[in-house]
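Spelled out from the first residue to the last, the chains are:
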Amino acid sequence: MTSERRNIRVRAAVVQRVIDTIVQNPSVTLSVSTMEAWLGVPMEAAQRILQRLASSGLVREVQRGVWARGTWPGAQREWY
């Protein structure tokens, strides 16, 4: 059996911070640098997290390098 190269506790803490700061905050805007600072992860990890959030539809790129929360699939749009 090989040892796990990732620290599962640290990874779980990062996932929880993503949920707390991004998923549960509909007005959040993000960039790779804000992800690095908020999550305390390297640039490459921040890029991967943003790519995965975008591919899942949770965020969308609103201008080059700036991401905003998308809507939940099937959710009603807000009226202003």
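The preceding data block contains the structure.
Residues numbered from 1 in each chain as written. Predicted model: local features only at pLDDT ≥ 70, side-chain atom pairs only at ≥ 80, totals over all residues. Heavy atoms only, no water.

Concerning the sheet that holds strand β3 (residues 66–69)
Here comes step 1: Ordered by their spatial adjacency, three strands build an open sheet running β1-β3-β2, and the pairing between neighbours is antiparallel. Two strands close off the open sheet at either side, each with one partner strand: β1 (29–30) and β2 (59–63).
Here comes step 2: Direction of pairing for β2 relative to β3: antiparallel, over a ladder of four bridges. In the sheet register, Glu61 faces β3, and the bridge partner there is Trp67.
Here comes step 3: Across the face of the sheet, helix α3 (residues 43–55) comes into contact with β1, β2 and β3 while running at roughly 105° to β2. (Pairing = 2+ DSSP bridges. Helix = DSSP H or I, 4+ residues; strand = E, 2+ residues; numbered from the N terminus. Contact = heavy atoms within 4.5 Å. Axes fitted to C-alpha atoms, helices over the stretch in contact; angles between N-to-C directions.)

Concerning the pairing of β3
Here comes step 1: As defined by bridge partners, β1 adjoins β3 across two bridges and the pair is classed as antiparallel. What sits directly across from Thr29, in β3, is Ala68.
Here comes step 2: Turn length for the β2-β3 hairpin, with the two strands adjacent in sequence and antiparallel, is two residues, and the turn residue Gly65 shows positive phi of about 85°.

Describing the packing of helix α2 (residues 32–39) against α3
Here comes step 1: With their axes 9 Å apart at the nearest point, α2 and α3 run at an angle of 110° to one another. Taken together, α2 and α3 sit at an angle that is classed as roughly perpendicular. Side by side, α2 and α3 meet where Val32, Met35, Glu36 and Leu39 of the first sit next to Met43, Ala46, Gln47, Ile49, Leu50 and Leu53 of the second.
Here comes step 2: A breakdown of the residues in the contact of α2 with α3 according to their chemical character gives eight nonpolar, one polar and one charged. (Parallel < 35°, antiparallel > 145°, perpendicular 65-115°, else oblique. Nonpolar A, V, L, I, M, F, W, Y, C, P; charged D, E, K, R; others polar.)

Details of the side chain of Ser31
Here comes step 1: Topologically, Ser31 is positioned in the loop between β1 and α2.
Here comes step 2: Given the relative accessible area of 16%, Ser31 is considered buried.
Here comes step 3: Ser31 has contacts with Leu50 and Gly65, leaving out every residue within four places of it along the chain. (Buried < 20%, exposed > 50% of the residue type's maximum accessible area, 1.4 Å probe, protein only.)

Observations concerning helix α1 (residues 8–23)
Here comes step 1: Along α1, the positions that sit buried rather than exposed are Val14, Val18, Ile22 and Val23. The arc that holds every buried residue of α1, seen down its axis, measures 105°, which confines them to one face.
Here comes step 2: Buried positions along α1 lie against β1, α2, α3, β2 and β3.
Here comes step 3: Of the residues flanking the start of α1, the one acting as N-cap is Asn7, its side-chain oxygen 3.1 Å from the backbone nitrogen of Arg9. (Arc of directions from axis to C-beta. Polar contact = N/O pair within 3.5 Å; in protein donor to acceptor, adjacent residues only side chain to side chain.)

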